[in-house]
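# Coordinates in review
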Amino acid sequence: MRLLHTSDWHLGRSFHRVGMLGAQAAFVDHLVTTVREREVDALVVSGDVYDRAVPPLAAVELFDDALHRLAGLGVPTVMISGNHDSARRLGVGAGLIGRAGIHLRTEPSECGTPVVLSDAHGEVAFYGLPYLEPALVKDEFAVERAGHEAVLAAAMERVRADLAARAPGTRSVVLAHAFVTGGRPSDSERDITVGGVAAVPAGVFDGVDYVALGHLHGCQTLTERVRYSGSPLPYSFSEADHRKSMWLVDLAADGAVTAERVDCPVPRALARIRGTLEELLADPALARHEEAWVEATLTDPVRPADPMARLTERFPHTLSLVFAPDRPADDPEVSYARRLAGRDDQQIAEDFVAHVRGAGPDEHERAVLRDAFDAVRADEAVREVAR
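So, here is what we can say about the structure in this document. In this text the structure is predicted, and so the values were computed from the model without any measurement.

### Comments concerning the overall build of the protein
Scanning the protein for helices and strands turns up eleven helices and 19 strands. Over its C-alpha atoms the protein spans a radius of gyration of 23 Å, differing by no more than 12% from the 21 Å that the globule rule assigns to 387 residues. Put simply, the protein has 387 residues, and 49% of those count as buried. Within the protein, contacts between residues separated by at least 24 positions form 69% of all contacts whose residues are at least 6 apart in sequence. Across the protein, 41 positive and 59 negative side-chain charges occur, with their mean positions spaced 1 Å apart.

### Points about the pairing of strand β19 (residues 318-323)
Bridge count for strand β18 (residues 293-298) against β19 is five bridges, and the pairing is parallel. Opposite Val294, over in β19, you have Thr318 as the bridge partner. Note that the unit made of β18, helix α8 (residues 307-314) and β19 has a crossover that is right-handed.

### Observations regarding the packing of helix α1 (residues 21-37) against helix α2 (residues 57-73)
α2 packs onto α1 with a crossing angle of 10° between their chain directions and a minimal axis gap of 10 Å. The orientation of α1 with respect to α2, classified from their angle, is roughly parallel. Across from Leu21, Gln24, Ala25, Val28, Asp29, Val32, Val35 and Arg36 in α1, the residues of α2 making contact are Ala58, Ala59, Leu62, Ala66, Arg69, Leu70 and Leu73. A per-class count over the contact of α1 with α2 returns eleven nonpolar, one polar and three charged.

### Looking at the sheet that holds strand β4 (residues 42-46)
Spatial strand order, β6-β5-β4-β1-β15-β16: six strands in an open sheet with mixed pairing. If you trace the sheet from one side to the other, it starts and ends with β6 (102-105) and β16 (257-263), each paired once. Averaged over all pairs of adjacent strands, the angle between strand axes in this sheet comes to 20°, irrespective of strand direction. Across four bridges, the pairing between strand β5 (residues 77-80) and β6 is parallel. Paired with Ile80 across the bridge in β6 is Arg105.

### Looking at the pattern of salt bridges
Scanning all chains against the criterion turns up 18 salt bridges. For the salt bridge of Lys138 with Asp139, the shortest nitrogen-to-oxygen distance reads 3.6 Å. By relative accessible area, Lys138 is classed as partly exposed at 29%. With relative accessibility at 65%, the residue Asp139 sits in the exposed group. A salt bridge links Glu239 to Lys244, with the nearest nitrogen and oxygen atoms 2.5 Å apart. Take Lys244: its relative accessible area is 10%, and that puts it in the buried class.

### Some remarks on the sheet that holds strand β8 (residues 122-129)
Strand order in the open sheet formed by six strands is β7-β8-β9-β12-β14-β13, and the pairing between neighbours is mixed. Each end of this open sheet is capped by a strand with a single partner; those strands are β7 (115-119) and β13 (220-223). In this sheet, neighbouring strand axes are inclined to one another by 20° on average, regardless of whether the strands run parallel or antiparallel. Pairing between β8 and strand β9 (residues 171-177): six bridges, direction parallel.

### Side note on α8
Among all positions of α8, only Pro307, Leu311 and Arg314 are buried. One side of α8 holds all its buried residues, which, seen down the axis, span an arc of 55°. Buried residues along α8 sit against α7 (277-282), β18 and β19.

### Quick word on the side chain of His5
Structurally, His5 is set in strand β1 (residues 2-6). Other than its neighbours up to four places away in sequence, His5 contacts Val44, Ser46, Tyr210, Ala212, Leu213, Arg227, Tyr228, Ser229, Met246 and Trp247.

What counts and what doesn't
Residues numbered from 1 in each chain as written. Predicted model: local features only at pLDDT ≥ 70, side-chain atom pairs only at ≥ 80, totals over all residues. Heavy atoms only, no water. Helix = DSSP H or I, 4+ residues; strand = E, 2+ residues; numbered from the N terminus. Rg over C-alpha atoms; globule rule 2.2 N^0.38 Å. Buried < 20%, exposed > 50% of the residue type's maximum accessible area, 1.4 Å probe, protein only. Contact = heavy atoms within 4.5 Å. Lys, Arg positive; Asp, Glu negative; His and termini not counted. Charge placed at Lys NZ, Arg CZ, Asp CG, Glu CD. Pairing = 2+ DSSP bridges. Right-handed = clockwise from strand over helix to strand, strands pointing away. Axes fitted to C-alpha atoms, helices over the stretch in contact; angles between N-to-C directions. Parallel < 35°, antiparallel > 145°, perpendicular 65-115°, else oblique. Nonpolar A, V, L, I, M, F, W, Y, C, P; charged D, E, K, R; others polar. Salt bridge = Lys/Arg side-chain N within 4 Å of Asp/Glu carboxyl O. Arc of directions from axis to C-beta.

No statement about biological role is implied by the geometric values presented.
Here it is as structure tokens:
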């Protein structure tokens, strides 16, 4: 069976104030063409279809168009909700849409109930694990402490139990939206840390033939059977070096996996350039970036006059301007943002305690801070579901 694995469409999202709907429509065209021309047997979409719980109408219309075109090809699609989606909204009409071969899996209770497709070699069971917000699903999976590993492990127990009851030789595919250990994040994914832990081990998914992951925006292979497709478009300059693609996966009769990357259309190249303003304006080596979306980091010791206006004369698509003067690390003028770079909320809070009190928090106090951050995240998730 030939699968096309994609995820993280983020329909409705912009890139530094630049609307991406046209590029997203071009991706949908490319997706439909690939499904048809590469003779795909099933499409899997591993979450974050939309960029937010209540997407703009134009994004909903594009999604509707994609569903109609995919259904018209007669190729089954299995799709899960991600942490940016409203699972309840995305799942509206799932039963009816399923009759057209578009199978939406947004309910945690359905993790162990697969979409079963067949080929010449027998059945393939597709298990959809939507994004599982630990605070919201811990009761469903009867776990004592809400955490990503605990709820995913419980969901996978249901998958393995259902698979064990099926005919010998039934192949299996799991769709999941999660941060799996070994994956490389970018700046454009929403933080899903719970209890100080965001990632879960790949071993949670042992026992199935292929795991189609979503959430991280870079295409990557964790094992031959566990892969991220990444987002089809860039959504931050941290993705400047990404090769945007989908996975074309052939699942053999014995469950063996072979995979090929299928490149996605590039609306415009991304470039990150760094130096003084005069260097950036004069360097001939930067000519190749003059039509790219540009993030410019200026290292001038003193902020120059009208830097954006001058930069856009050479780089008309400059979208982001960062000031990072070259100064000694102990210089008192080093910016607060630079001191915080790479530190999460927990670390920043602990540093604040140490600054105010003269000593960092003890283990009990760290646990209190973790619980407070987790409570805020859970409250935000509840509010988003209720919107």
